[in-house]
Amino acid sequence: MKLTLAALTSTTALAIIAGSLVWTGATSAEVSSKQTIDLTEGESEMAMDVRTLTLRVAGASLYYEVRGVGPTLLIIPGGPQDAGVFTELAELLSDRYTVVTFDPRGNSRSSFDGPVVDLEVDVQADDAAAIIRAVNNGPAYVFGTSGGAQIGLNLAARHPDLVQVLVAHEPPSMMMLDDPEPALAADRALHETYRTKGVEAAMAEFFAMAGFSGDDEAGEAPAEFEMTPEAAATFERVSGNFEYWLAHGMIPLSTYVPEVEKLKTGVPPVVVAIGEASAGQDIEAIGLALTRKLGVEAMRFPGDHMGFETEAAAFAEAVHTAFLTQ
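Treat the numbers as computed from the prediction; the structure is a model and nothing was measured.

Student: Summarise the overall build of the protein; cite the residues concerned and give the values.
Tutor: Along its length, the protein carries 12 helices and 10 strands. When the 326 residues of the protein are sorted by exposure, 52% land in the buried category. Summarising the internal contacts of the protein: among those between residues at least 6 apart in sequence, 76% fall at separations of at least 24. On the protein, roughly 13,700 Å² of surface is accessible, and the fraction owed to carbon and sulfur atoms is 51%.

Student: So, the side chain of S254: which residues are in play, and what are the values?
Tutor: The topology assignment puts S254 in helix 8 (residues 242-254). Polar contacts involving the side chain of S254 include one to the main-chain carbonyl oxygen of M250, which spans 2.6 Å.

Student: Give a detailed account of helix 3 (residues 121-135), specifying residues and quantitative values.
Tutor: In a regular helix each residue adds 1.5 Å, so 15 residues correspond to 21 Å; helix 3 covers 22 Å between its end C-alpha atoms and thus fits that length. With 12 of 15 residues buried, helix 3 lies mostly within the body of the structure. Turning to helix 3, its buried residues are V121, V123, Q124, A125, D126, D127, A128, A129, A130, I131, I132 and V135. Phi turns positive one or two residues past the end of helix 3, at N136, with a value near 60°.

Student: Break down the packing of aromatic side chains for me, citing the residues and quoting the values.
Tutor: Scanning the model with the defined rule gives 9 aromatic pairs in all. Summarising the aromatic geometry, the rings of F86 and F308 are spaced 4.6 Å apart at their centres and angled 25° between planes, so their arrangement reads as stacked. Placement of F86 in the loop between strand 4 (72-76) and helix 2 (87-93) and of F308 in helix 11 (residues 307-310) is noted, with a sequence separation of 222 residues between them. Given the relative accessible area of 1%, F86 is considered buried. Judged by centre distance (5.7 Å) and plane angle (75°), the rings of Y97 and Y141 are edge-to-face. On the criterion of sequence distance, the pair formed by Y97 in the loop between helix 2 and strand 5 (98-102) and Y141 in strand 7 (residues 140-145) is long-range, its members being 44 residues apart. Residue Y141 is classed as buried on the basis of its relative accessible area, which comes to 17%. Aromatic rings pair up to connect F86, F143, F301, F308 and F315 into one cluster.

About the cut-offs
Residues numbered from 1 in each chain as written. Predicted model: local features only at pLDDT ≥ 70, side-chain atom pairs only at ≥ 80, totals over all residues. Heavy atoms only, no water. Helix = DSSP H or I, 4+ residues; strand = E, 2+ residues; numbered from the N terminus. Buried < 20%, exposed > 50% of the residue type's maximum accessible area, 1.4 Å probe, protein only. Contact = heavy atoms within 4.5 Å. Areas by Shrake-Rupley, 256 points an atom, 1.4 Å probe, with all protein chains shown as cover. Polar contact = N/O pair within 3.5 Å; in protein donor to acceptor, adjacent residues only side chain to side chain. Expected span 1.5 Å × (residues − 1). Phe/Tyr/Trp six-rings, centres within 6.5 Å; stacked < 30°, edge-to-face > 60°.

See the structure below:
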């Protein structure tokens, strides 16, 4: 089975992941490098400066990137994703926001100081709060997708003073379902496959569950394409995060329950975004279950679970509109 970067991140983003370790406070933020990215023709004739930084927090070192001007917009990745998956979206929004992307603790370039441990959603949200404080331009607009939307819900409930508006894009809040047991059982079965048969077997099972076989409609494997060096590096990092997700992330986040009563106050406002192309899928049912608990209407966004990548320009405008209307 051959996977493109889009296919890889599409399917993994469906995973219900987030969380991290105990955080007691940031200790330092230091610039590690500065690079210039040339945008493609039609986007901008100017080069965009991207600052890459490292933030020391209790038990970990967090990698994050800052680009653009304006109020802070923090993008929270889902699952095994990292900052690289959101490069195009960040560039499209950087004329209006200081866009901050990062690798969640345990993924890619954000490493533990000591032994690897199970994810804790509270701590993942505390890490996000630490980054907002380090940028020192808050409170921030926050966009979280998939497992990152779960982190965003936790951040909004526990650090409301740091969040202007939260857009929670297709949060896998399965505990909001009237009967979450079938979804939880599927996660337990996937974890058991990983435990007994390893990463490759578990990811093959996950891709099948997500409806991705690696073949096109005619039953033939898709043609390979040439990745840019940046896309290839992101592909390698994200695939390298699979084992951490399978071993430590899936079960803890599957049982995470958003603090509905705090979120219902509307401070900060919470927008639950569901992709137009996700209609009829399980993720839509889960998102709608959350909206019913919160007493809000879902906002429809372009594309599906990976709309921010497949419909990047329209998706960026939807994010901006969601912030402006709250």
